[in-house]
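# Examining the three-dimensional arrangement
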Amino acid sequence: MRFELGHGGISETIRQLAKFLRERSIKALATINTHDTPAPKSLPQQDWRKVCFPQFANDPKTGFTELRMQTGAYYPTPQIRERPRYPHLPHDCDAERSVTSDIDGIGCNKFYATYGKRGMNGGILALWCRHGVCVGFHIIPKGEGRNDVFSAIFTRWEVAPRVVIYDFACALAAYCMTREPDYWKNTLFLIDKFHSSGHSTCSPACMLINYVDDDVVLATLNSSIGESGNSSLKPIKKSVSYMSEQHAIAFIKNYVSLVNCRTCLRTVLVEAAKQRDLARGPVSV
Amino acid sequence: MIDAVIYSSVLAIRSSIEVLPCSACHRNAHRFAGPDCGGLQLFNFNNKILFTHELLNEYQNRSSLAELPFESFRNAIQNTYQTWFSEVEFVREDVFRDAYFGFLPLQQVEHDFTCPICGPTPDEVIVDGTSVSFHSSRVTNDLHPPTRISSSAPLASDVKPPQNQVLVDDKALRNTSLRFWNWRNKNLPLVARRNKGGEIISEEELKLAEDAITTKSLNLALKTELQGVVTELRAISDPLGMLFDTHVRDGKEKPGHQGYMRLLRQVGDSMEVLMALLTAYNSCLHTNQSFSWFLSNLCQSSRGLWRRVTMVWSMSLLPLSLPLQL
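This report concerns the structure included in the present document. Sequence order sets the numbering: in each chain, residues are counted from 1 along the sequence as written. To read the labels, note that chains go from A and ligands from 1, taken in the order they are written. Local features in a predicted model are, by the rule used here, given only for residues with pLDDT of at least 70; side-chain atom pairs are given and counted only at 80 or more, and totals for whole chains, interfaces and linings are based on all residues. As a convention, hydrogens and water are excluded, and side-chain values are obtained from all of the structure's heavy atoms.

As a further point, take the environment of E18 of chain B. In DSSP terms, a helix is any run of H or I states spanning at least four residues, a strand is any run of E spanning at least two, and both are numbered starting from the N terminus. Topologically, E18 of chain B is positioned in the loop between β2 (12–17) and β3 (20–21). Along the backbone, E18 of chain B and N79 of chain B are 61 residues apart, and their C-alpha atoms lie at a distance of 31 Å.

This is the structure we're talking about:
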């Protein structure tokens, strides 16, 4: 485009091609946009203490009236939607992290090792904001898959986030758009810089690295913050592997809270320093 | 009053605690209700064993910095007790563990899981799984991740596997066009670099590359196949076929060749076109900027690879209200 603009403007061929793509995409969108997103509603709020500490359940002081309703997931906002059932989509809820290529039409040949190794459960799926604060996590019973990301966001976010960065985003995009196109239509699914090199056959449209020159917000985003956050969980890895479910959930939650507190403090301090610098104005020499 | 021991991080202190018979338990159970002691910075475990908050926080702090099993921490505290000639030994590891997990729910963390800047549901989310896990035999039915589908979950029976989502539906045509694209892309830059004097290659390699970029080197069958690809692409979209004809079939390097080639590469991609289009569309429109802003941004940026594709794709989805005349 830069070349064409520098050589007499956008050519008629490119314009016509754009028109064709536009028509083609409208047609494609119309074929999958079959239903509206379920409206958010108030569902009974969960609390992690219910499973870790059953003595708190049914306690009128704590307000827990339902015993062990939903646990193993800790998000600051209550659940506002339920994960729908898609009866006509085969293997809808299966753990499929280790899909390798065109078998299911994903087209990504990057191999993913399943997490549930040596008889362990699937680990945890954590969601991080751009400042490195964990905004929620849940325990994965068997194996990590795109369903975990889809369900975690769909059931908690009233409006889908603008950008989702995931190391399997190339396939996550198709997964989400197939199920809830109305909800996800404004979301950009990107593979972080660290994992981009592994996706040799995926479209450049999935790579964060191709956007950084255009989008200031994405350019300043540390896409590997999830990796950093997960590496900060290493100290508890060994301890958790020997714990019961109740203890593991409580321990992980407590640990992530601590990490968050430190990160929040650092973030607030950095932001305060920025604000102070802005208020001070340019330094005169 | 019953005897109790207060455990701190350096020594244990014998004390006594005032209790009342528990009104909820049977009187023969001999159970007692004791004070909370939270105001004294103590955690009352079972009326006989009390821990200082400082000790429990110490474990929490240390375990968040390095791997620290309960047993190791217990041994470390016991060693400290010996140093300070404590009259009472530190509790067993299992007692301390139970006390710690009893202490956990009493802790209240402010702004938990909420970024002070982004809020609880940020606009940019980085998702990653990690293998912090426990044994699968300990997984119970109490675990309810968001993926669990309840009986009251809505039924989306109208959602079916998407069909006809790729830009060029014909898989054979996609593959063939990609094959020719690879053939052209492999040889042309080699000659171009040699002509600019940027790379040292042998004369034989140069000759082969020069032959390769001209259709003269192709046999009749391949020439016919290439012409067939162009014809089929033109049948789908005339400008698409024209671009392919100009930049793939024709052997000469045109101005802006690399950009056009990268655009054409997307045509043969098996990625769902809608996703690519929406992705590009969002990257443009989410900034809430005008089309001209986006255009100028493209012009200013240094990378050529994705620019053109994004531009074309985003144009294809721009709402009619935007000042774009196609």
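All names here are of chain B. At C37, a position not held by glycine, the phi torsion is positive, near 65°. On the secondary structure map, C37 appears in the loop between β4 (32–33) and β5 (42–44). A positive phi is found at Q41, a non-glycine position, where the angle reads about 60°. Structurally, Q41 is set in the loop between β4 and β5.

The working definition used for a salt bridge is a side-chain nitrogen of Lys or Arg within 4 Å of a carboxyl oxygen of Asp or Glu. Evaluated as defined, the whole model comprises seven salt bridges over all chains. A salt bridge links R62 of chain B to E58 of chain B, with the shortest nitrogen-to-oxygen separation between them at 2.9 Å. You can see R62 of chain B and its partner E58 of chain B sitting in helix α1 (residues 53–63), four residues apart, about one turn around the helix. The buried label applies to any residue whose accessible area, calculated with a 1.4 Å probe on protein chains only, is under 20% of its type's maximum; exposed applies above 50%, and partly exposed to all values in between. Judged by relative accessible area, which is 37%, R62 of chain B ranks as partly exposed. For the salt bridge of E93 of chain B with R97 of chain B, the shortest nitrogen-to-oxygen distance reads 2.8 Å. Taken together, the residues E93 of chain B and R97 of chain B, both in helix α3 (residues 93–103) and four residues apart, mark about one turn of the helix. Judged by its relative accessible area of 27%, R97 of chain B is partly exposed. Because the salt bridges share partners, they merge into one network encompassing R130 and R162 of chain A together with E124 of chain B.

What follows covers the sheet that holds strand β2 (residues 124–128) of chain A. By the convention used here, strands pair only if DSSP detects at least 2 bridges between them. Read from one edge of the open sheet, six strands run β1(A)-β3(A)-β2(A)-β7(B)-β4(A)-β5(A), paired in mixed fashion. A strand with exactly one partner marks an edge of an open sheet, and here the two such strands are β1 (73–74) and β5 (188–190) of chain A. Where strand β4 (residues 163–165) of chain A meets β5 of chain A, three bridges bridge the pair, whose relative direction is parallel. Bridge pairing in β5 of chain A places V163 of chain A opposite L188 of chain A. Along the sheet, helix α5 (residues 169–179) of chain A makes contact with β4 and β5 of chain A, crossing β5 of chain A at roughly 150°. This element, helix α11 (residues 245–280) of chain A, spans β1, β2 and β3 (134–139) of chain A of the sheet and lies at about 165° to β3 of chain A. Any two residues having at least one pair of non-hydrogen atoms within 4.5 Å are treated as being in contact. Helix axes are fitted to C-alpha atoms over the stretch in contact, other axes to C-alpha atoms as well, and angles between N-to-C directions run from 0 to 180 degrees.

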